[in-house]
Amino acid sequence: MALTADQLLAAHKANVEALFGLTTKAFEGVEKIIELNVTASKAALNEASETAQAVLSAKDAQELLALQASLMQPLAEKTAAYSRHLFEIAQGTSNEFSKAFEAKASEAQQSFANLVDSAAKNAPAGSETAVAMFKSALSAANNAYESMQKAVKQASDVAEANFNAVQSQAVAAAKSATKTAAAKR
């Protein structure tokens, strides 16, 4: 079964469109990261100014230590929120790429399966065993690919859960440290 010029052009056009679509998604992800960084930088600058004013107005060392202790927990929470937002942007962009890849892979699998079916219909008499073995190998490869996709999804879910757990522990540790510092005063 030969491909026609129109089929080749249509496939090429679809691939170019997919490439530009993915490029657009990548730029959207970069734009979100830049926006997040600009927002975080502005907030950090404002907070640094407020902290400097508070430090300069401290009357003694104990007030300075209390100020330092009071800043630990919000800093940990803001750092965790920034990291979580950055992770969400990266994960969202990655998901877009995965969806596009999966769609193209599924399309390619279907095209290949159609090609195999067409070849099987036109196969010479007596080649049924070879065709059946080839179809079986194709089915096994498709099953392996699907299993791999499931494993990657599970690994991604575990990584996200671990990321969230580490963030929660960091914020809890900062809260504990703030309470301990406040109790020592």
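Note that the structure is a prediction, hence the values are computed from the model and not measured. Along each chain, residues carry numbers from 1 onward, in the same order as the chain's sequence is written. Note on the predicted model: pLDDT of at least 70 is required for a residue's local features to be given, and 80 or more for side-chain atom pairs to be given and counted; whole-chain, interface and lining totals, by contrast, use all residues. As a rule here, side-chain values come from all non-hydrogen atoms in the structure, and water together with hydrogens is ignored.

The helix and strand inventory of the protein chain stands at 3 helices and 0 strands. What counts as a helix is a DSSP run of H or I of at least four residues, what counts as a strand is a run of E of at least two, and both are numbered from the N terminus. When the helices and strands of the protein chain are placed in sequence order, the string is α-α-α. When we talk radius of gyration, it's over C-alpha atoms, and the globule rule is simply 2.2 Å times the number of residues to the 0.38. For 185 residues, the compact-globule formula gives about 16 Å, and the C-alpha radius of gyration of the protein chain, at 28 Å, lies well above that figure. Burial status follows relative accessibility: with a 1.4 Å probe on protein chains alone, a residue under 20% of its type maximum counts as buried, one over 50% as exposed, and anything between as partly exposed. Of all 185 residues assigned to the protein chain, the portion counted as buried reaches 11%.

Salt bridge, as used here: a side-chain nitrogen of Lys or Arg that lies within 4 Å of a carboxyl oxygen of Asp or Glu. Following the criterion strictly, the structure yields 2 salt bridges and no others. Two residues, Glu-28 and Lys-25, come together in a salt bridge whose shortest N-O distance is 3.7 Å. Linking Glu-28 with Lys-25, this pair stays in helix α1 (residues 5–56), spanning 3 residues, or about one helical turn. For Lys-25, a relative accessible area of 31% corresponds to the partly exposed category. In this structure, the salt-bridge partner of Lys-78 is Glu-47, at a minimum N-O distance of 2.7 Å. Taken as a pair, Lys-78 in helix α2 (residues 61–121) and Glu-47 in helix α1 lie far apart in primary sequence, 31 residues in all. The exposure class of Lys-78 is partly exposed, given its relative accessible area of 42%.

The next thing to look at is α2. Between the first and last residue of a helix there are one fewer steps than residues, each counted as 1.5 Å, and that sum is the expected span. Compared with an ideal rise of 1.5 Å per residue, which puts 61 residues at 90 Å, α2 spans 88 Å between its outermost C-alpha atoms and is within 8% of the ideal. Within α2, burial applies to Ala-66, Leu-67, Ala-69, Ala-76, Ala-80, Ile-89, Gln-91, Ala-105, Ala-113, Val-116 and Ser-118. Identification of polar contacts relies on pairs of N or O atoms within 3.5 Å, with a donor-acceptor requirement for protein atoms, meaning one able to donate a hydrogen and the other able to accept it, and with residues adjacent in sequence counted only if both atoms are side-chain atoms. Sitting at the head of α2, Asp-60 places a side-chain oxygen 3.4 Å from the backbone nitrogen of Gln-62.

Each axis is a line fitted through C-alpha atoms, and for a helix only the stretch in contact is used; angles between axes span 0 to 180 degrees, taken between their N-to-C directions. Viewed as axis vectors pointing N to C, α1 and α2 meet at an angle of 175 degrees, and their least axial separation amounts to 10 Å. Between α1 and α2, the angle falls in the class roughly antiparallel. When describing relative orientation, an angle under 35 degrees is termed roughly parallel and one over 145 degrees roughly antiparallel, while 65 to 115 degrees is termed roughly perpendicular and anything else oblique.

With that settled, consider the confidence of the model for the protein chain. Close inspection of predicted coordinates is inappropriate for parts of the model with low pLDDT. Per-residue confidence for the protein chain gives a mean pLDDT of 81, with 92% of residues at or over 70. Mean pLDDT in the protein chain bottoms out at helix α3 (residues 128–184), which sits at 74, and peaks at α1, which reaches 88. Confidence per residue, as judged by the predictor, is encoded in pLDDT with a range of 0 to 100.

With that settled, the discussion passes to a nonpolar patch on the surface. Note that patches include only residues with greater than 30% relative accessible area and no salt bridge, and the join distances are 9 Å for like charges and 5 Å for nonpolar side chains (Val, Leu, Ile, Met, Phe, Trp, Tyr). With residues, only the protein chains shown are counted as cover, and all accessible areas are computed by Shrake-Rupley using a 1.4 Å probe. A surface patch of nonpolar side chains, amounting to about 240 Å² of accessible area, comprises Val-30, Ile-34 and Val-38. Looking at where Val-30 falls in the secondary structure, it is placed in helix α1.

This next bit is on the environment of Thr-51. Relative to the helices and strands, Thr-51 resides in helix α1. Its relative accessible area of 26% is what places Thr-51 among the partly exposed residues. Contacts are residue-level and defined by heavy atoms, with any inter-residue pair within 4.5 Å sufficient. Residues in contact with Thr-51, not counting those within four places in the same chain, are Leu-67 and Leu-71. Of the polar contacts made by the side chain of Thr-51, one reaches the backbone oxygen of Glu-47; its length is 2.8 Å.

We now examine the environment of Ser-70. Considering the arrangement of structural elements, one finds Ser-70 in helix α2. Ser-70 sits 81 residues away from Ala-151 along the chain, and the two C-alpha atoms are 44 Å apart. A distance of 2.7 Å separates the side chain of Ser-70 from the backbone oxygen of Leu-67, its partner in a polar contact.

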